[in-house]
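Here are the chains, one letter per residue:
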Amino acid sequence: MSDIASGDMGPWLSPEELEFVRRKVPMVYVDIVPIRTDEVGQLESIGLLLEAQNDGISRALVSGRVLYHESLREAIARHLEKDLGPMSLPQLPATITPFTVAEYFPTPGSDKFDERHHAVSLCYIVPVMGECDPAAHTLDVTWFSPGEVRTPELQAEMSESHAQILRQALAHMAAI
């Protein structure tokens, strides 16, 4: 009997189980905008990942799925460590309240598109205090000023979905 049929999925799904679930229910994700601030909390820079994807190299936010029985705080910390390295020292807020919620649909032409599934992503801005050392599939982490991330040229290096979330984060931080 499969784990899905028995009701015991555990934190990790096999590729087949993940594909089955993705076709049936929305998946929960987190999208994270890592930032650096000055001593009084003013935004200095925003970290974007440089990643190799099937369709080329692009810039991205820290992003990933929330696992079964994993808290949002744990998911945020896990994805930041996975992409920025264990010494990035993220400063997670006392209250885990997203600045926005993004909804991805598998329908071409959707505002936020992901051909794999319907996903609901809780979006966070997280200050990072330590040294970032790209890990996993991340080629590099580059820190850009608020002015640099607003440029159409840099946003064109991102998926439109992540560029929209980045613009919302800038507006939320009054950095537009």
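Up top is the structure.
Please read all numbers here as calculations on a predicted model, not as lab measurements.

Proteins that are soluble and globular tend to have nonpolar side chains buried together. Ranked by internal contacts, the top residues of the largest apolar core, which has 26 residues, are Val33, Ile46, Leu48, Phe99, Val149 and Ile165. Broken down by secondary-structure element, the contributors of at least two residues to this core are α2 (15-22), β1 (27-37), β2 (43-53), β5 (100-104), β6 (119-127) and α6 (160-172). Tallying contributions element by element places α6 first for this core, with 5 residues. What Phe99 contacts, discounting residues up to four positions off in sequence, is Val33, Cys123, Tyr124, Ile125, Ile165, Gln168, Ala169 and His172. Judged by nonpolar contacts, the second largest core, of 15 residues, contains Val30, Val62, Leu122 and Cys132.

The next thing to look at is the packing of aromatic side chains. Evaluated as defined, the whole model comprises 0 aromatic pairs. Just above the ring of Trp143 sits the side chain of Arg36; from NZ or CZ to the centre is 4.3 Å.

Here the focus is the pattern of salt bridges. Scanning all chains against the criterion turns up 5 salt bridges. Glu157 is the salt-bridge partner of Arg59, the closest N and O atoms lying 3.0 Å from each other. Taken together, the residues Arg59 in strand β3 (residues 56-60) and Glu157 in the loop between α5 (152-155) and α6 connect sequence positions 98 residues apart. Looking at Arg59, the relative accessible area reads 12%, which means it is buried. Between Lys82 and Asp83 there is a salt bridge, with its nearest N and O atoms 3.1 Å apart. Under the relative-accessibility criterion, Lys82 is labelled partly exposed at 26%.

Its place among the elements puts Thr138 in strand β7 (residues 138-144). In this structure Thr138 comes out as buried when scored by relative accessible area, which is 6%. Of the polar contacts made by the side chain of Thr138, one reaches the side chain of Asp83; its length is 3.4 Å. Excluding residues within four positions of it along the chain, Thr138 makes contact with Leu49, Leu50, Glu51 and Asp83.

Conventions and cut-offs
- Residues numbered from 1 in each chain as written.
- Predicted model: local features only at pLDDT ≥ 70, side-chain atom pairs only at ≥ 80, totals over all residues.
- Heavy atoms only, no water.
- Core = buried A, V, L, I, M, F, W, Y, C linked by side-chain atoms within 4.5 Å.
- Buried < 20%, exposed > 50% of the residue type's maximum accessible area, 1.4 Å probe, protein only.
- Helix = DSSP H or I, 4+ residues; strand = E, 2+ residues; numbered from the N terminus.
- Contact = heavy atoms within 4.5 Å.
- Phe/Tyr/Trp six-rings, centres within 6.5 Å; stacked < 30°, edge-to-face > 60°.
- Lys NZ or Arg CZ within 6 Å of the ring centre and 35° of its normal.
- Salt bridge = Lys/Arg side-chain N within 4 Å of Asp/Glu carboxyl O.
- Polar contact = N/O pair within 3.5 Å; in protein donor to acceptor, adjacent residues only side chain to side chain.

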